[in-house]
Amino acid sequence: PMAIVRVKPQHYIHVTDNNIGVSKLIEGPVTYVKRDNEVISEGPSAMVRLPPRHYCQVANPVVRDGKGEVMHDTFTVGGKTLQQARLQRGDTEIRLAQDWKDPFPLYPGETLKTPPQEMQVVRHDEAIRLRATRDFQDGDVKRAAGDEWVCKGPVTYTPRKEVEVVTTIKAIVVKPNGALKIRATADTTDSTGVKRMAGEEWLVRTAGAYLPSVDEEVLETLRAEVLTEMRAVQLRALASFTDVYKIKRRAGAEWLVTIDMAETHICEVHEEFVNQVNLTTLTHRQFCMVADPIDDSGVQHFGKVELRRGEAKFFLKPGEKLEGGVQDVVILTEDDHLLLRALKEFTDATNTKRKAGENWLISGPCDFIPPVEVEIVERRNTIPLEDNEGVYVRDLNTGRVEMFTGKTLAAANQKSLVLQPHQRLWEKELPLETEKLLFGAPRVDRTLVVTVKAAHNTAMQVFDYKTKKSRVVFGPDMVMLGPDEDFTVLSLSGGKPKKQDAFRDVALQLGPELSRDILLVETKDHARLAVKLGYNWYFDVSDKSKASKLFTVRDFVGDMCMAIASRVRACVAATAFDEFHKHSGDIIQAAVFGRTESGEVATELRFPANNLVVSAVDVQSVEPTDTKTADSLFKSVQQAIEITAQAQEMAARNDRNRMDQKNAGQLMRQQLKDQIRAETEKQQLLKCQAETRAVETCGTAVAEAKARMDAHRIEGESEVEQAALRAQAMATESVAEVEGLRKRHEAERKHQADLYELELSRAKELAAIEAKKFTETVQAFGQDTIIKIAKSGPELQGEMLKNLGVQNFILSDGTTPLNLFTGQNSAMAALSNRV
């Protein structure tokens, strides 16, 4: 079957005949009927269009004749004559828009290597670097493959197939006070017409845009160093050359460029920038020392120092050094002095010859500029001293250290101290611990005499290590340490109970003071108690000649507490708990102070080693440390409290009953008195009645009345006596009951204490019997027998295994884990039992 291919205007197709392998170009507009043996190898494709100022590059272009017509190759196949466009294989063709204004197709075999693109425009400050890819003739110039050249703008570059564009070069703007450093990559001639050799470097100083040629390489852009009256630059020559100032420079030479030579300077190719040098300015009150100076002829004097005084200004030349910088003139007042040292032998301004190393003083008021031969060692001031002030001074000639105070200066008719050239202030070192105790922090100025105030009722010991003697200062006073003196530091015990080295001090308190301590004691019946004691003590300083004894015991608090504790423990150990509990104060007083020949307790305890006197001992508390003892003591106290409470209750009850009985008796007595009075009145009434009836009942009535009166009187008196006897009986009964209850509780408490004592004695005797039994048993057996008993088991087991011929065995049921540590002993024991 045939296929119909419609080709649009300005389009084309490539048709290949498969039978003969020939391709042909079909341009539109056309309707092409494709045969069975033909193939559309390309297309339909649009023709190539080149806009104005565009170009393209075609690979394997067709060959054209002088008229621009395409040349074909002719050949015969099957009696037919066929033609095919001839191609330049491996070549390329640049087609420009001005030559190919109409669209054009690509023949079979042609390819578009570079699509249409705009032609390159080179600006006026640009250039393109070109390289020839093959030999060709470029106008009057013959180019060889590999040649490079520059195409400068402004221009529109027309590409050629023999040339490739390497890069685009932009012009470098050389600003005023600037330059370009150029290097020649090959022998060439620069822009000024000077011939340059390959590798040569030079500067382009002309301001404006600069386009380097193809044989030039821009190394860097340089900026000019601006020179002022206050600033210069130091340069170094990298090679021998003549600079822009027409001065010959040698390789390695250094020099300054100042504003007197130029306002700006750009380093040449053979110049190296070293540093910037500022102007050194000296006022009329300043000076400086210049080491290794350079004279006007340019010769440098190494090892020499030159003094330059103000007013002056200069730049330090290369190699010169400013020693100590710019210095002000030394102004000395009346109290100022300078210690000078000669560096070498010379004659000073006073025509005095000074030897090297000699020291001397100059005093103010004056202005001083040291010569180059003189070194200022130090500046000294006159030292004013009060009576309680001083300094330590060392004599360099003898090495002796002295203490100068206000008093010593006053004795020598001096108001202040001026150190001589052979004298120096000396720093006195104190132990850090002593400084913290005295000042709270390390001293700032160690040359000042150590001055400490001894407080009231204190003493300080000062020891002189040079003379091996000590002195004691009693407060209030001022202590001044000599060069070889130091304070004696006391290390005192503290806390409750006392611990050693609890705190340190240099001042000894003379007392009276109070110290407290807690002692652990044990009574005769092994009751452990914690006794809190307070001691009043003081130092006996009535004899000042023996003051050094105060510091013979470094820790007098710990020594005192240990001595008292040993006495108290020894005394309490021989006293039963009950007795100590009742009379602890008397026992401790007697233990501490002892007794006099008359048997009375002494009033003080004296320590002759340091004259320490303990004047009183106060028992502040006694507490048991054992829980059982504390419980027993608590129960005893509770029982005593209960007994006292019950006794007081019974006494109150008895008092109440007695008062009730007394009140009742008084009431009954009053009633009886009232009855007696009533009866008396009744008697008088009856008497009157009787008298009125006297005539009728005189005899009988009078007798009956007297009898009844006596009877009532006797009855009232008997009742009163009975009430009094009954109250006295009840009071006696109450007193007897209270006394019996007290005696019963006292007997119970004593019985309980006896039981505790018997039980304790029984435990001690049983322990002694057991210990004695064990000792006698061991002695009866003997040491050898015990050793044989200990060894009999293992030896018997070994012999038994040896006789049986069994080396080792283990019996297990497979579920029980084996103990390999004690398995052998178990096996031996079982075998022994079996045998």
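Here, the structure is the one placed above.
Predicted model, so just to flag it, every value in this text is computed and none were measured. Sequence order as written defines the numbering, with residues in each chain counted from 1. Whole-chain, interface and lining totals are the exception, using all residues; otherwise, since this is a predicted model, local features are given only for residues with pLDDT of at least 70 and side-chain atom pairs are given and counted only at 80 or more. Computation of side-chain values covers all heavy atoms of the structure but excludes hydrogens and water.

### Some details on the overall build of the protein chain
Turning to step 1, where the next piece is worked out: Only runs of H or I of at least four residues qualify as helices and only runs of E of at least two qualify as strands under DSSP, and these elements are numbered from the N terminus. Per the secondary structure count, the protein chain includes nine helices and 60 strands.
Turning to step 2, where the next piece is worked out: Values of the radius of gyration come from C-alpha atoms, whereas the globule rule sets the reference at 2.2 Å times the count of residues to the power 0.38. The C-alpha radius of gyration of the protein chain comes to 68 Å, more than 25% above the 28 Å expected for a compact globule of 835 residues.
Turning to step 3, where the next piece is worked out: Principal-axis analysis of the C-alpha atoms places the extent of the protein chain at approximately 215 × 125 × 115 Å.
Turning to step 4, where the next piece is worked out: Burial here depends on accessible area, computed with a 1.4 Å probe over protein chains only, as a share of the maximum for the residue type. Under 20% is buried, over 50% is exposed, and the range in between is partly exposed. Here the protein chain holds 835 residues, and 31% of them are scored as buried.
Turning to step 5, where the next piece is worked out: Partitioning the contacts of the protein chain with sequence separation of at least 6, the portion at a separation of at least 24 is 63%.
Turning to step 6, where the next piece is worked out: Computed with a 1.4 Å probe, the accessible areas rest on the Shrake-Rupley method; for each residue, only the protein chains presented here act as cover. Taken as a whole, the protein chain presents about 52,600 Å² of accessible surface, with 51% of it coming from carbon and sulfur. Residue contacts follow a heavy-atom distance rule, with two residues in contact if any of their heavy atoms lie within 4.5 Å.

### Description of the sheet that holds strand β59 (residues 605-607)
Turning to step 1, where the next piece is worked out: Two strands form a pair only when DSSP identifies at least two bridges running between them. The sheet built from four strands is open, its strands ordered β57-β58-β60-β59 with antiparallel pairing. Because the sheet does not close on itself, it has two edges, and the strands there are β57 (513-522) and β59. Averaged over all neighbouring strand pairs, the angle between strand axes comes to 35°, with direction disregarded.
Turning to step 2, where the next piece is worked out: Looking at chain direction, β59 and strand β60 (residues 612-624) are connected through three bridges and run antiparallel. Along β60, the bridge assignment pairs Phe607 with Leu612. Only C-alpha atoms enter the line fits that serve as axes; for helices the fit covers just the stretch in contact. Angles between N-to-C directions range over 0 to 180 degrees.

### Description of the pairing of strand β54 (residues 490-494)
Strand residues, when the strand is regular, have side chains that alternate between the two faces of the sheet.
Turning to step 1, where the next piece is worked out: Judged by how many residues are buried, β54 sits mostly within the fold: five of five residues are covered.
Turning to step 2, where the next piece is worked out: The two faces of β54 match: Leu490, Leu492 and Gly494 on one face and Ser491 and Ser493 on the other face are all buried.
Turning to step 3, where the next piece is worked out: As judged from the four bridges shared by β54 and strand β55 (residues 499-505), these two strands associate in the antiparallel manner. Paired with Leu492 across the bridge in β55 is Phe503.

### What to know about the pattern of salt bridges
Turning to step 1, where the next piece is worked out: In the sections that follow, a salt bridge refers to a side-chain nitrogen of Lys or Arg positioned within 4 Å of a carboxyl oxygen of Asp or Glu. In the structure shown here, the tally under the stated rule is 48 salt bridges.
Turning to step 2, where the next piece is worked out: The shortest N-O distance in the salt bridge between Glu93 and Arg95 comes to 3.5 Å.
Turning to step 3, where the next piece is worked out: Taking relative accessible area as the criterion, Arg95 reaches 0% and is therefore assigned buried.
Turning to step 4, where the next piece is worked out: Members of the salt-bridge network, linked through shared partners, are Lys181, Arg183, Glu201, Glu217 and Glu220.

### Some words on the packing of aromatic side chains
For any pair of aromatic rings, geometry is given as the distance between the ring centres together with the angle between the planes.
Turning to step 1, where the next piece is worked out: Classification of ring pairs uses Phe, Tyr and Trp, with its six-membered ring standing for Trp, and accepts pairs whose centres are within 6.5 Å; under 30 degrees between planes counts as stacked, over 60 as edge-to-face, and the remaining range as tilted. In this structure the tally under the stated criterion is eight aromatic pairs.
Turning to step 2, where the next piece is worked out: Their ring planes at 80° and their centres at 5.8 Å tell us that Trp537 and Phe539 sit as a pair that is edge-to-face.
Turning to step 3, where the next piece is worked out: By relative accessible area, which is 4% here, Trp537 ends up buried.
Turning to step 4, where the next piece is worked out: Residue Phe539 is classed as buried on the basis of its relative accessible area, which comes to 4%.

### Quick notes on the nonpolar core
Turning to step 1, where the next piece is worked out: Core analysis: the largest hydrophobic core is formed by 39 residues, its most contacted members being Tyr535, Phe556, Met560, Val568 and Val614.
Turning to step 2, where the next piece is worked out: Here this core gets eight residues from one element, more than from any other, and that element is helix α3 (residues 556-573).
Turning to step 3, where the next piece is worked out: The contacts of Val614, once residues within four sequence positions are left out, are Tyr535, Asn536, Trp537, Met560, Ile564, Phe593, Thr603, Glu604, Leu605 and Phe607. Here, nonpolar core refers to any group of buried Ala, Val, Leu, Ile, Met, Phe, Trp, Tyr and Cys residues whose side-chain atoms link them within 4.5 Å.

### Details of helix α2 (residues 432-439)
Turning to step 1, where the next piece is worked out: Along α2, the residues that are buried comprise Thr434, Glu435 and Leu438. Angular distribution of buried residues about the axis of α2 spans 100°; they occupy a single face of the element.
Turning to step 2, where the next piece is worked out: Those residues of α2 that are buried are in contact with β49 (451-454) and β53 (485-487).
Turning to step 3, where the next piece is worked out: Within two residues after α2, Gly440 carries a phi angle of roughly 85°, on the positive side. An arc is given here, and it is the one of the directions from the helix axis to the C-beta atoms.

### Thoughts on the sheet that holds strand β46 (residues 401-405)
Turning to step 1, where the next piece is worked out: Here three strands make up an open sheet; going across it, the order is β46-β45-β48 and the pairing antiparallel. Looking at the sheet topology across the chains shown, the edges are occupied by β46 and β48 (423-425). Taken over all neighbouring pairs, the strand axes of this sheet differ in orientation by 35° on average, direction set aside.
Turning to step 2, where the next piece is worked out: As paired elements, strand β45 (residues 390-395) and β46 share five bridges and run antiparallel to each other. Note that in β46 the partner of Arg394 across the bridge is Val401.

### Here we look at the side chain of Ser493
Turning to step 1, where the next piece is worked out: Among the structural elements, Ser493 can be located in strand β54.
Turning to step 2, where the next piece is worked out: Separated by 2.4 Å, the side chains of Ser493 and Asp555 make a polar contact. Any pair of N or O atoms that falls within 3.5 Å is considered a polar contact. Within protein, one atom must be able to donate a hydrogen and the other to accept it, and sequence-neighbouring residues count only if both atoms are side-chain atoms.

### Notes on a nonpolar patch on the surface
Turning to step 1, where the next piece is worked out: In this scheme, patches are assembled from residues that exceed 30% relative accessible area and form no salt bridge. Like charges are connected within 9 Å, while nonpolar side chains (Val, Leu, Ile, Met, Phe, Trp, Tyr) are connected within 5 Å. A grouping of Phe774, Val778, Phe781, Ile786 and Ile789 is seen on the molecular surface, where their side chains present a nonpolar patch of about 480 Å² in accessible area.
Turning to step 2, where the next piece is worked out: Breaking the nonpolar patch down by element, the ones donating at least two residues are α7 (694-781) and α8 (783-804).
Turning to step 3, where the next piece is worked out: Classification of Ile786 by relative accessible area gives partly exposed; the value is 38%.

### Things to note about the packing of α3 against helix α5 (residues 584-593)
Turning to step 1, where the next piece is worked out: α5 packs onto α3 with a crossing angle of 130° between their chain directions and a minimal axis gap of 8 Å. With respect to α5, the element α3 is oriented oblique. Considering only the axes of α3 and α5, their crossing is right-handed. For the pair α3 and α5, the contacting residues are Ile564, Arg567, Val568 and Cys571 in the first and Ile587, Ile588, Ala591 and Val592 in the second.
Turning to step 2, where the next piece is worked out: Looking at side-chain class alone, the contact of α3 with α5 contains seven nonpolar, no polar and one charged residues. To sort the angles, those under 35 degrees are grouped as roughly parallel, those over 145 as roughly antiparallel, those from 65 to 115 as roughly perpendicular, and the leftovers as oblique. Here a crossing is taken to be left-handed if its near helix is turned anticlockwise relative to the far helix by less than a right angle, and right-handed if that turn runs clockwise. Under the scheme applied, nonpolar residues are Ala, Val, Leu, Ile, Met, Phe, Trp, Tyr, Cys and Pro; charged residues are Asp, Glu, Lys and Arg; polar residues are all the others, including Gly.

### Here we look at unusual backbone geometry
Turning to step 1, where the next piece is worked out: Following Gly364, the chain continues to Pro365 via a peptide bond in cis, the omega torsion being 5°.
Turning to step 2, where the next piece is worked out: Tracing the backbone through its elements, the reader meets Pro365 in the loop between β41 (359-363) and β42 (366-368).
Turning to step 3, where the next piece is worked out: The amide bond that connects Gly511 to the next residue, Pro512, takes the cis arrangement and shows omega of 5°.
Turning to step 4, where the next piece is worked out: As for its placement among the helices and strands, Pro512 is situated in the loop between β56 (508-509) and β57.
Turning to step 5, where the next piece is worked out: In the Ramachandran plot, Gln10 falls in the positive-phi region, its phi being about 60° despite a non-glycine side chain.
Turning to step 6, where the next piece is worked out: Checked against the element boundaries, Gln10 lands in the loop between β1 (3-7) and β2 (11-17).
Turning to step 7, where the next piece is worked out: One non-glycine residue, Asn457, lies in positive phi territory at about 65°.
Turning to step 8, where the next piece is worked out: Within the secondary structure layout, Asn457 lies in the loop between β49 and β50 (458-464).

### Thoughts on the environment of Val244
Turning to step 1, where the next piece is worked out: Within the secondary structure layout, Val244 lies in the loop between β27 (241-242) and β28 (248-249).
Turning to step 2, where the next piece is worked out: In contact with Val244, not counting residues within four places along its chain, are Arg205 and Glu268.

### Here's the deal with the environment of Gly109
Turning to step 1, where the next piece is worked out: Structurally, the position occupied by Gly109 is in the loop between β9 (92-96) and β10 (111-118).
Turning to step 2, where the next piece is worked out: Taking the relative accessible area as the measure of exposure, Gly109 reaches 34% and is therefore partly exposed.
Turning to step 3, where the next piece is worked out: When sequence neighbours within four positions are dropped, the list of residues in contact with Gly109 reads Ala59, Asn60 and Leu87.

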